Amino acid sequence: MATLSVILTIVSVLTAILLTILVLIQNPKGQGGIGAISGGVSEAMFGASAPSALVKITVVLAIVFLLSTLFNVAINGHLRKQKSIGETIVATAKQYMGAPYVYGGMSPSGFDCSGFVNYVYKLCGYSMSRVASSIYNNNGTYVEKANLQLGDLVFFASNSSSIGHVGIYIGNGQFIHSSSGAGCVVISDLSSNYYLKNYVGAKRIAG
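The written sequence of each chain sets the order in which its residues are numbered from 1. Predicted model: local features are reported for residues with pLDDT of at least 70 only, side-chain atom pairs are reported and counted for 80 or more only, and whole-chain, interface and lining totals are derived from all residues. No hydrogens and no water enter the side-chain calculation; it runs on all heavy atoms of the structure.

J.: Looking at this structure, I do not really get the nonpolar core. What am I missing?
T.: Soluble, globular proteins show a tendency: their nonpolar side chains are buried together. Among buried residues, the Ala, Val, Leu, Ile, Met, Phe, Trp, Tyr and Cys ones that are joined through side-chain atoms within 4.5 Å form a nonpolar core. Only protein chains enter the accessibility calculation, which uses a 1.4 Å probe; a residue is then buried when its area is under 20% of its type maximum, exposed when over 50%, and partly exposed in between. If you look at the biggest cluster of nonpolar residues, it comprises 28 residues, and the most contacted ones within it are Ile89, Phe116, Val117, Tyr121, Leu153 and Ile168. Here a strand is any run of E in DSSP of at least two residues, a helix any run of H or I of at least four, and the numbering for each starts at the N terminus. Put simply, the parts of the chain that give this core at least two residues each are helix H3 (50–94), helix H4 (113–123), helix H5 (132–138), strand E4 (153–156) and strand E5 (165–171). A total of 5 residues in this core trace back to one element, the largest contributor, which is H4. Contacts are residue-level and defined by heavy atoms, with any inter-residue pair within 4.5 Å sufficient. Not counting residues up to four positions away in its chain, the partners in contact with Phe116 are Ala93, Tyr96, Phe111, Ile168, Ile176, His177, Ser178 and Val185. Grouped together as the second largest cluster of nonpolar side chains are 10 residues, Leu148, Val154, Phe175 and Ala202 included.

Listed below in structure tokens is the structure:
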């Protein structure tokens, strides 16, 4: 979506340049200077029908410019909203750094992995399934690893089992999660050997 925003920005700029050129071309020839030159160019390009043809082209380009600008504004607004939601989720999750790991726990006195993400997301206005495998199969939309955004959920499975762990992506290749191994809520690297090997996928619940 960010790439589309860049493309629309380029389209808007090029359209604005073309509109400027067309306005100059449509100046009366009798004014001399740029007007005389542009009048000669328009006549050479379009013949006797130059004025009407140029008006039509100008209108079309004006519409293209307006639409591309509006779409660009809408897309940028959506991206800012997504970023804001993700930042809120990450900030909320980090408040519970060090909270103890408790199997089945869903409160600051003790979280398991899915209990932690459920608790954080509930504070941010979102609900989901209770266990990691159900969240992955039933909630949100799939996200490629290369497209992870703040607040996305990342899932893991050991070699011999189904999905059994989930955390919250916080940016820079890291995620926050309630770890049974560490015994509390910690931040880990997706690139570390264990999590790199057992990474399954990601889901976007918010946005």
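J.: Help me understand the pattern of salt bridges in this model?
T.: Two side chains bearing opposite charge may form a pair once their charged atoms approach each other closely. Whenever a carboxyl oxygen of Asp or Glu lies within 4 Å of a side-chain nitrogen of Lys or Arg, that contact is scored as a salt bridge. Going through the model one piece at a time under the given rule, you end up with 2 salt bridges. As a salt-bridge pair, Arg204 and Asp152 come within 2.9 Å of each other at their nearest N and O atoms. Placement of the pair is Arg204 in strand E8 (residues 199–204) and Asp152 in the loop between strand E3 (141–143) and E4, with a sequence separation of 52 residues. Classification of Asp152 by relative accessible area gives buried; the value is 2%.

J.: Just checking my understanding: could you explain the packing of aromatic side chains for this structure?
T.: A ring pair, where both rings are aromatic, is described by two values, the distance of the centres and the angle of the planes. Only Phe, Tyr and Trp rings take part, Trp by its six-membered ring, and two of them pair if their centres are within 6.5 Å. Stacked means planes under 30 degrees apart, edge-to-face means over 60, and tilted covers everything else. Applying the stated criterion to the full structure yields 12 aromatic pairs. Ring-pair connections join several aromatic residues into one group, and the members of that group are Phe156, Phe175, Tyr194, Tyr195 and Tyr199. Over the ring of Tyr142 we find Lys203; its NZ or CZ atom is 4.2 Å from the centre of that ring. Any Lys NZ or Arg CZ that is within 6 Å of a ring centre and within 35 degrees of that ring's normal is treated as a charge sitting over the ring.

J.: Help me understand the pairing of E8, please; the structure alone is not making it clear to me.
T.: Every regular strand shows the same layout, with side chains that alternate between the two sheet faces. Within E8, 5 of the 6 residues are buried, which leaves the element mostly enclosed by the surrounding structure. Here, strands pair whenever DSSP counts at least two bridges between them. In this sheet, E8 lies alongside E4 in antiparallel orientation, the contact comprising 4 bridges. Bridged to Phe155 within E8 is Gly201.

J.: Explanation requested: the confidence of the model for the protein chain in the structure shown.
T.: Interpretation of this model should avoid reading the predicted coordinates in detail wherever pLDDT is low. Chain-level statistics for the protein chain give a pLDDT mean of 81 and a share of 63% at 70 or above. Within the model, pLDDT remains below 50 along residues 32–38, and this stretch shows 9 contacts once partners closer than five positions in the same chain are excluded. Scored between 0 and 100, pLDDT is the confidence that the predictor attaches to each residue.

J.: Could you clarify how one ought to interpret the side chain of His165 in this entry?
T.: One can find His165 in strand E5. The class of His165 is buried, set by a relative accessible area of 14%. Throughout this description, a polar contact denotes any pair of N or O atoms lying within 3.5 Å of each other; where both atoms belong to protein, one of them has to be capable of donating a hydrogen while the other can accept it, and for residues adjacent in sequence the pair is counted only when both atoms sit in side chains. At 2.7 Å, the side chain of His165 forms a polar contact with the side chain of His177.

J.: What exactly am I supposed to notice about the environment of Glu87 here?
T.: Secondary-structure assignment places Glu87 in helix H3. Separated by 63 residues in the primary sequence, Glu87 and Leu150 place their C-alpha atoms 6.2 Å from one another.

J.: Explanation requested: the environment of His165 in the structure shown.
T.: Once the C-alpha coordinates of His165 and Ser180 are considered, the two residues, 15 residues apart in sequence, prove to be 9.8 Å apart. Not counting residues up to four positions away in its chain, the partners in contact with His165 are Cys113, Ala132, Val154, Phe155, Phe156, His177, Ser178, Ser179 and Tyr195.

J.: What's the story with unusual backbone geometry in this structure? I'm lost.
T.: For residues besides glycine, phi is generally negative; the peptide bonds are generally trans as well. Positive phi is not limited to glycine here, since Asn172 has a value of about 55°. Structurally, the position occupied by Asn172 is in the loop between E5 and strand E6 (174–179).

J.: I keep staring at the sheet that holds strand E7 (residues 184–189) and nothing clicks. Help me out?
T.: The strands making up a sheet are joined through hydrogen bonds of the backbone, oriented either antiparallel or parallel. Pairing within the open sheet is antiparallel, and its 6 strands lie in the order E3-E8-E4-E5-E6-E7. Each of the sheet's edge strands pairs with one partner strand only, and the pair in question is E3 and E7. Ignoring strand direction, the axes of neighbouring strands in this sheet form an average angle of 35°. In terms of strand pairing, E6 meets E7 through 6 bridges, oriented antiparallel. Residue Phe175 lies in a different strand from E7, and its bridge partner there is Ser188. Each of E4, E5, E6 and E7 is contacted by H4, which is oriented at about 50° to E5, the strand it contacts most. Every axis in this analysis is a line fitted to C-alpha atoms, fitted for helices over the stretch in contact. Angles between the N-to-C directions lie between 0 and 180 degrees.

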